[in-house]
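For reference, the chains in residue letters:
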Amino acid sequence: MEPSKAPEPFLKPYNPTEQEPQMLAAWEKSGYANPDVCIEKGVTLPDAEAYSIVLPPPNVTGTLHMGHAAMLAIEDILIRYHRMRGKRALWVPGTDSAAIATQSKVETDIYKSEKKTRHDLGREELMRRIDAFVEESKTTIINQTKKMGSSLDWSRYAYTMDEKRYAAVMEAFARMYDAGLIYRGDRIVNWDPKLQTTVSDDEIEYVEQKDAFYHFKYGPFDIGTVRPETKFGDKYVVMHPDDERYKEYKHGQKIDLEWINGPITATIIKDKAADMSFGSGAMTITPAHSVMDFEIAQRHKLDIERVIDDRGILLDIAGEFKGQHIKKARAAIVEKLKAKGLVTKVDEGYVHNVATNSRGGGIIEPQIKRQWFIAVNKEAKFPNGKTMTLKRAMRDAVESKDTQILPERFEKIYYHWIDNLRDWCISRQIWFGHRIPVWYHEPKCVPIPGREADVEKCVMTIVSADEPKCQFCAAKYTQDPDTLDTWFSSGLWTFSTLGWPYFAQSATKDKPGPENDLANYHPTAVLETGYDILFFWVARMILMSTFLRGEVPFKKVYLHGLVRDEQGRKMSKSLGNIIDPLTMIEKYGADATRLSLVIGASPGNDLKLSEDKVRGYKHFANKIWNIARFVLENQADESTLQSKVDNGLTEEDKKLVEEAEAVAKEVSGNIDDFRLDLAADLVYHFVWDRFAAEILEESKAILKGTDEKAAASRRHTLYAILNTSLRLLHPFMPFVTEAIWQQLPKSPSAQGSGGTRKESDLLMVAKWPLLR
């Protein structure tokens, strides 16, 4: 038999720069990322099982980094696999406002160019400028996400600050306020003096720093600190009740001693929070500027006095140091203590972690502030009729296995975090964000003539998305100036993106259309994210969904590790070891970049990545291309490809087809078990080491031989294995496999009958190997 010519694209090497835009265009034109379109075109059955993922929203003003790339690769693998298995696969895209970071960026740019602050511009003008900045910037992250081959349904795109998400946030706040779970109170919070706002625990980044550690004589005790500037208000000395060194001292005992600004009377406090193994085991506390100290003060009803104001300036209690910034005052304070003979030792170069605001870079100064909080220890009635605390609901979701955390070892860390969870501060002192929907009546009522007695009925505080009007007097309402923590809206993400609260009652299961998404796709199948935000985002989503929906937000949580450099170091600008995914895509293609982030990345473990690894998988893409060229060059004609693959096969070739099917079964099992690393590695080695290196090499002699029956059998077999290999590889390497698929001889496309799916010309909706 004379070999046929390979299709024209195979006359040159595989070029991802040329092929990837074409495949993206074909996928987008098809609309197959939308499960409703799949049903409409017959490639998915109307009653097929639903499978959904909501994309953890990247910052709308951000750019793609390797952490994002890993997340996109993993989630796209899962979606493409389940779509090929015939499920109604929905992957919802979206972006997050990243309110603090975005406002900080815009404010910085404005000050650099105009020397104006937000207060010079006013709230309305700043919001206009931020909105313009977001609109210009969002296309960057969206286009970069598409370059990874992410088969997201962009018709369902959501943004944490859009109108639908705004409605969801307002509804959630009102329900939780009415249930008594949202309250306003004075508690210690993370305060950023630079941005003048509270910061959530999730946004704290601990930076290693070297400072002097000072040992002071505090009466008969030795105390230590790196922050002597906070010690003016320290009039309590705390020790563990079981510490034998201090058994002579009684709880509540008074002692007189010399301190920074003269003689003071200190009180002995016995509390188990004191660490007997650290230093002398005795410590003084600054309740207004330390979370632990504040909690000790609350337990023992101690006085709390501020030492530092919102801008890091020392207050009246500091005496002669009043009005000085804490950074400048430290050295002078230490000198005064030395002059008094109260400095016993100084350890230079003490290494400790300093809390900073990851969104703006300011050093966190704990402060007691009047803020809005969500009470996690208060009982409330849930939609399922049960009365419990939010903490209990978050724990029950995982203990009951309604939500399963993978790898399982992270469950213990989750429980530990839940058990130590404090009330969640949800208010921020910035202007960009969902404004808190609380309105305050003017302090004095303005009687309406003839209805003076009605002023007794005036409601002084109202929760409303719109400006309310007093029904009993002519006074006006003023809205709370603060905005909600970004994580509040992100916590609603799985159901606010699927139509809540608009379609909460009307959504109908198994009916297509976004108006039915809530019934069809919630709870979502899996929440895939990095293990570093398990406790922050995952727990808050469970909190919100269980209370507002009466169900978990997702059935499984799959945690991937961090992407590190080849030496295992965290990627950072200072180390110069950042590997840019966009650069890797440009040089080696998206398929190679994706595969490099999956093979070797076992669940929950960090991945070491190098450019050499990415380059190696570019060679694999070329290998697949060359395999396809060889197989297609050695086919007799298209009619032989349409016939049944096992028709007249030799016994040896039947075994080869069975071998490929066994690989398909094992790959499927690995993906189902979330061992994507094993699945990718298995198909990689099968295609390269077995198919290319052995089967193809052995086939050359058979195809050139005189036994036409054996040659025909082998042609069928090679095509069958290629076909199976492309289907197996597609979730991992969608571009090269789709490009090859487009060159395969096509059978007449026919509508499925008898409850079967229609075949499509696109590999992205072709049937998974074991389903054919």
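Residues numbered from 1 in each chain as written. Predicted model: local features only at pLDDT ≥ 70, side-chain atom pairs only at ≥ 80, totals over all residues. Heavy atoms only, no water.

Student: Looking at this model, I keep getting lost on the overall build of the chain. Mind explaining?
Tutor: A tally of helices and strands in the chain yields 23 helices and 27 strands. Counting across all 772 residues of the chain, residues that qualify as buried make up 55%. Long-range pairs, those at least 24 residues apart, make up 76% of the contacts in the chain between residues at least 6 apart in sequence. Carbon and sulfur atoms make up 50% of the accessible area of the chain, which totals about 33900 Å². If the 105 positive side-chain charges of the chain are averaged to one point and the 112 negative ones to another, these points end up 1 Å apart. (Helix = DSSP H or I, 4+ residues; strand = E, 2+ residues; numbered from the N terminus. Buried < 20%, exposed > 50% of the residue type's maximum accessible area, 1.4 Å probe, protein only. Contact = heavy atoms within 4.5 Å. Areas by Shrake-Rupley, 256 points an atom, 1.4 Å probe, with all protein chains shown as cover. Lys, Arg positive; Asp, Glu negative; His and termini not counted. Charge placed at Lys NZ, Arg CZ, Asp CG, Glu CD.)

Student: What is the right way to look at the pattern of salt bridges in this model?
Tutor: For side chains of opposite charge, pairing can occur when their charged atoms come near one another. Across all of its chains, the model carries 57 salt bridges by this definition. Here Asp 211 ties to Arg 330 by a salt bridge, and the two come within 4.0 Å at their closest N and O atoms. Of the two residues, Asp 211 sits in strand 7 (residues 204–218) while Arg 330 sits in helix 9 (residues 326–339), which places them 119 residues apart along the sequence. In this structure Asp 211 comes out as buried when scored by relative accessible area, which is 17%. Overall, Arg 330 belongs to the partly exposed group, its relative accessible area being 21%. A salt bridge links Arg 549 to Glu 551, with the nearest nitrogen and oxygen atoms 3.1 Å apart. The class of Arg 549 is partly exposed, set by a relative accessible area of 22%. (Salt bridge = Lys/Arg side-chain N within 4 Å of Asp/Glu carboxyl O.)

Student: Is there a simple way to explain the pairing of strand 2 (residues 88–92) in this structure?
Tutor: A regular strand carries its side chains on alternate faces of the sheet. Most of strand 2 is tucked away, with 5 of its 5 residues classed as buried. Residues Arg 88, Leu 90 and Val 92 of strand 2 are buried on one face, and the alternating residues Ala 89 and Trp 91, pointing to the opposite face, are buried as well. Inspection of the sheet shows strand 1 (residues 50–54) paired to strand 2 by 5 bridges, in the parallel sense. From the neighbouring strand, Val 54 faces strand 2, where its bridge partner is Val 92. (Pairing = 2+ DSSP bridges.)

Student: In this structure, what is going on with the side chain of His 441? I would like to understand it.
Tutor: With respect to the helices and strands, the residue His 441 is situated in strand 20 (residues 438–441). On the basis of relative accessibility, which here comes to 6%, the residue His 441 falls in the buried class. Those residues in contact with His 441, other than ones at most four positions away along the chain, are Cys 458, Val 459, Met 460, Cys 470, Cys 473, Ala 475, Lys 476 and Tyr 477.

Student: Looking at this structure, I do not really get the sheet that holds strand 14 (residues 367–374). What am I missing?
Tutor: The pairing of strands in a sheet happens through backbone hydrogen bonds and is either parallel or antiparallel. Reading across the sheet, the 4 strands line up as 6-5-14-18 and stay open at both edges, with antiparallel pairing between neighbours. The sheet terminates laterally at strand 6 (197–199) and strand 18 (424–425), the two strands that pair on one side only. Pairing of strand 5 (residues 182–192) with strand 6 involves 3 bridges; the strand directions are antiparallel. Among the inter-strand pairings, Asp 192 is bridged to a residue of strand 6, identified as Thr 197.

Student: Sorry if this is basic, but what is going on with the packing of helix 18 (residues 611–633) against helix 21 (residues 676–704) here?
Tutor: Pairs of packed helices are described in terms of their axes, by the angle between the two and the distance that separates them. The interhelical angle for the contact between helix 18 and helix 21, taken along N-to-C directions, is 30°, at an axis separation of 11 Å. As summarised for this structure, helix 18 and helix 21 are arranged roughly parallel, according to the angle between their axes. Taken as a pair, helix 18 and helix 21 cross one another with a handedness that is left-handed. Where helix 18 abuts helix 21, its residues Tyr 617, His 619, Phe 620, Lys 623, Ile 624, Ile 627, Phe 630 and Val 631 lie against Tyr 684, Val 687, Trp 688, Phe 691, Ala 692, Leu 696, Lys 700 and Leu 703. (Axes fitted to C-alpha atoms, helices over the stretch in contact; angles between N-to-C directions. Parallel < 35°, antiparallel > 145°, perpendicular 65-115°, else oblique. Left-handed = near helix turned anticlockwise from the far one by under 90°.)

Student: Would you mind going over helix 3 (residues 66–84) with me for this structure?
Tutor: Owing to its 3.6 residues per turn, the α-helix brings residues three or four apart onto one side. Given a rise of 1.5 Å per residue, 19 residues ought to cover 27 Å, and the 27 Å separating the end C-alpha atoms of helix 3 matches this to within 8%. With 18 of its 19 residues buried, helix 3 lies for the most part within the structure. (Expected span 1.5 Å × (residues − 1).)

Student: Would you take a moment to explain the sheet that holds strand 20 for this structure?
Tutor: Read across the sheet, 3 strands follow the order 21-20-22 without closing on themselves; strand pairing throughout is antiparallel. Unpaired on one side and paired on the other, strand 21 (461–463) and strand 22 (477–479) mark the two borders of the sheet. Strand-to-strand, the axes of this sheet are offset by a mean angle of 30°, without reference to chain direction. In the sheet, strand 20 pairs with strand 22 via 3 bridges, with the strands oriented antiparallel. Each residue of the ladder has a partner; that of Tyr 440, found in strand 22, is Thr 478.

Student: Could you clarify how one ought to interpret unusual backbone geometry in this entry?
Tutor: One can expect most non-glycine residues to show negative phi and most peptide bonds to be in trans. That bond from Leu 406 to Pro 407 is cis: its omega, -5°, falls within 30 degrees of zero. Looking at the element boundaries, Pro 407 is found in the loop between strand 17 (404–406) and helix 11 (410–419). In this structure, the amide linkage connecting His 522 to the following residue, Pro 523, adopts the cis form with an omega of 0°. Mapped onto the secondary structure, Pro 523 falls in the loop between helix 14 (517–521) and strand 24 (524–530). Despite not being glycine, Ala 98 has its phi angle at roughly 45°, a positive value. Note that Ala 98 resides in the loop between strand 3 (94–95) and helix 4 (99–114).

Student: What exactly am I supposed to notice about empty space enclosed by the protein here?
Tutor: Using a probe with the size of a water molecule, rolled over the atoms, empty space left in the structure can be pinpointed. Under the counting rule described, the total for this entry stands at 8 cavities of 30 Å³ or more. In this model, the largest cavity occupies a volume close to 80 Å³. Looking at the largest cavity, the residues that line it are Ala 70, Ile 74, Tyr 558, His 560, Gly 561, Val 563, Leu 597, Ala 601, Ser 602, Asn 605 and Leu 607. In the lining of the largest cavity, the residues fall into 7 nonpolar, 4 polar and no charged. (1 Å grid on protein atoms, 1.4 Å probe; cavity = no way out; pocket = protein on both sides within 12 Å on 5 of 7 lines; lining within 4 Å. Points joined across faces, edges and corners; volume = space filled by probe spheres on them. Nonpolar A, V, L, I, M, F, W, Y, C, P; charged D, E, K, R; others polar.)

Student: Hey, could you run me through the pairing of strand 20 in this one?
Tutor: Pairing between strand 20 and strand 21: 3 bridges, direction antiparallel. The partner of Val 438 across the bridge, within strand 21, is Val 463.

Student: Is there a simple way to think about the packing of aromatic side chains in this case?
Tutor: For any pair of aromatic rings, the description consists of the separation of the ring centres together with the inter-plane angle of the planes. One pass over the full model with this rule turns up 29 aromatic pairs. For the pair Phe 495 and Trp 500, a centre-to-centre distance of 5.1 Å together with 85° between the ring planes defines the contact as edge-to-face. What makes Phe 495 buried here is its relative accessible area of 0%. Between the aromatic rings of Tyr 617 and Tyr 684, the centroid separation amounts to 5.5 Å while the plane-to-plane angle is 80°, which identifies the pairing as edge-to-face. With a gap of 67 residues between them, Tyr 617 in helix 18 and Tyr 684 in helix 21 connect regions that are remote in the sequence. (Phe/Tyr/Trp six-rings, centres within 6.5 Å; stacked < 30°, edge-to-face > 60°.)

Student: Before we go on, may I ask you to explain the confidence of the model for the chain in this structure?
Tutor: For residues with low pLDDT, the predicted coordinates do not support detailed interpretation. With 95% of its residues at a pLDDT of at least 70, the chain reaches an overall mean of 92. pLDDT under 50 marks residues 639–646. Its contacts with residues more than four places away, or in other chains, come to 12 contacts. A low-confidence stretch, residues 748–754 stays under pLDDT 50, and its non-local contacts, those more than four residues away or across chains, total 9 contacts. (pLDDT = per-residue confidence, 0-100.)

Student: Any chance you could explain the packing of helix 10 (residues 390–399) against helix 11 here in plain terms?
Tutor: One can describe the packing of helix 10 onto helix 11 by two numbers: an axis separation of 10 Å at closest approach and a directional angle of 170°. It follows from the interaxial angle that helix 10 and helix 11 lie roughly antiparallel. Mapping the contact onto sequence places Lys 391, Met 394, Arg 395, Val 398 and Glu 399 in helix 10 and Glu 411, Tyr 414, Tyr 415, Ile 418 and Asp 419 in helix 11. Split by residue class, the contact of helix 10 with helix 11 holds 5 nonpolar, no polar and 5 charged.

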